[in-house]
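What the coordinates show
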Amino acid sequence: MEARQPSSPALDLVAALNIGFGILLLFLPYVTGYSLYSGARMTDAIFGPLVIGMAIVRLSFPPRYRIFSLGNVIFGVWVLITPFVLGYTSSTSGTIVNVVLGILIALVAATGFLR
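Report on the accompanying structure. These numbers were taken from a predicted model, which means no experiment stands behind them. (Residues numbered from 1 in each chain as written. Predicted model: local features only at pLDDT ≥ 70, side-chain atom pairs only at ≥ 80, totals over all residues. Heavy atoms only, no water.)

Details of the overall build of the protein chain
Applicable threshold: In DSSP terms, a helix is any run of H or I states spanning at least four residues, a strand is any run of E spanning at least two, and both are numbered starting from the N terminus. The size measure is the radius of gyration over C-alpha atoms, and the globule rule it meets is 2.2 Å times the number of residues to the 0.38 power. The cut-offs for exposure are 20% and 50% of the maximum accessible area for each residue type, with area from a 1.4 Å probe on protein chains only; residues under the lower value are buried, those over the upper are exposed, and the others partly exposed.
Along the backbone of the protein chain there are four helices and zero strands. Reading the protein chain from its N end, one meets helices and strands in the order α-α-α-α. In terms of overall dimensions, the protein chain is globule-like: its C-alpha atoms have a radius of gyration of 15 Å, near the 13 Å expected for 115 residues. Projected onto its principal axes, the C-alpha coordinates of the protein chain cover approximately 55 × 20 × 20 Å. Counting the 115 residues in the protein chain, one finds 37% classified as buried.

Focus on the packing of aromatic side chains
The condition that has to hold: To pair, rings of Phe, Tyr and Trp, with the six-membered ring standing in for Trp, must have centres within 6.5 Å; the planes then decide the type, stacked if under 30 degrees apart, edge-to-face if over 60, and tilted in the middle.
Considering all chains together, one arrives at three aromatic pairs under this definition. Centroid distance F47 to F75: 5.6 Å. Interplanar angle 65 degrees. Geometry classified as edge-to-face. Remark: F75 occurs in helix α3 (residues 69-86) and F47 occurs in helix α2 (residues 38-60); sequence separation between them is 28 residues. Across this residue pair, the class does not change: F47 and F75 are buried. Pairwise contacts between aromatic rings join F47, F75 and W78 into one cluster.

Points about the side chain of R58
Filter applied, for reference: Any N or O atom pair separated by 3.5 Å or less is treated as a polar contact, with the protein-specific requirement of one donor-capable and one acceptor-capable atom, and with residues adjacent in sequence counted only for side-chain atom pairs. In this analysis, two residues are considered to be in contact whenever any of their non-hydrogen atoms come within 4.5 Å of each other.
Mapping R58 onto the fold places it in helix α2. Given a relative accessible area of 13%, R58 falls into the buried group. One polar contact links R58 to S69, side chain to side chain, over a distance of 2.9 Å. Among all residues touching R58, those that are not within four sequence positions of it are P63, R66, F68, S69 and G112.

Some details on helix α4 (residues 92-110)
Rule in force here: Expected helix span is taken as 1.5 Å per residue step, with the number of steps being one fewer than the number of residues.
Helix length check: α4 (19 residues) gives 27 Å between terminal C-alpha atoms against 27 Å at 1.5 Å per residue, within 8%. Residues of α4 that are buried include every one of G94, T95, V97, N98, L101, G102, I105, A106, V108 and A109, and no others. Packing partners of the buried residues in α4 comprise α1 (9-32), α2 and α3.

Concerning the nonpolar core
Threshold: The criterion is simple. A nonpolar core is a set of buried Ala, Val, Leu, Ile, Met, Phe, Trp, Tyr and Cys residues joined through side-chain atoms within 4.5 Å.
L25 and L101 are the most contacted members of the largest nonpolar core, which has 14 residues in total. Those elements that place two or more of their residues in this core are α1, α2, α3 and α4. Broken down by element, the residue count for this core peaks at four residues, all from α4. Excluding anything up to four places from it in sequence, L25 contacts D44, F47, G48, V79, N98, L101 and I105.

Description of α3
Keep this limit in mind: Two axes are fitted around each residue, one to the seven residues ending there and one to the seven starting there, and the angle between them is reported as the bend at that residue.
Between its first and last C-alpha atoms α3 spans 25 Å; for 18 residues at 1.5 Å apiece the expected length is 26 Å, and the two agree. The sharpest bend along α3 measures roughly 40 degrees and falls at L80, with the proline P83 sitting one to four residues further on. Within α3 the residues assigned to the buried category are S69, G71, N72, V73, F75, G76, V79, T82 and P83. Buried residues in α3 make contact with α1, α2 and α4.

Dropping the structure here:
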């Protein structure tokens, strides 16, 4: 059995930020009022739990399994481009929330590749 490589507490804390971003992704459509757009609501309802789950998986495994961070990078990029792909850019709050959270999710997940 291989010994578990120690993980950096700072990197674990940064990876845990994606849990908070996933929770925000779930609730912000209702708080900011863009839940009327079904594409925005469905995307955030699907990808919020996926981001949370992938962040938990990333924190659960030792650092040598950094590849799990790639999932949240992909999810973050999708959340970022969703307003343009699904065409709800007329909702300013929905566009801003998804672009900002998409960038944050992808960048935080990309730090998972650091050691």
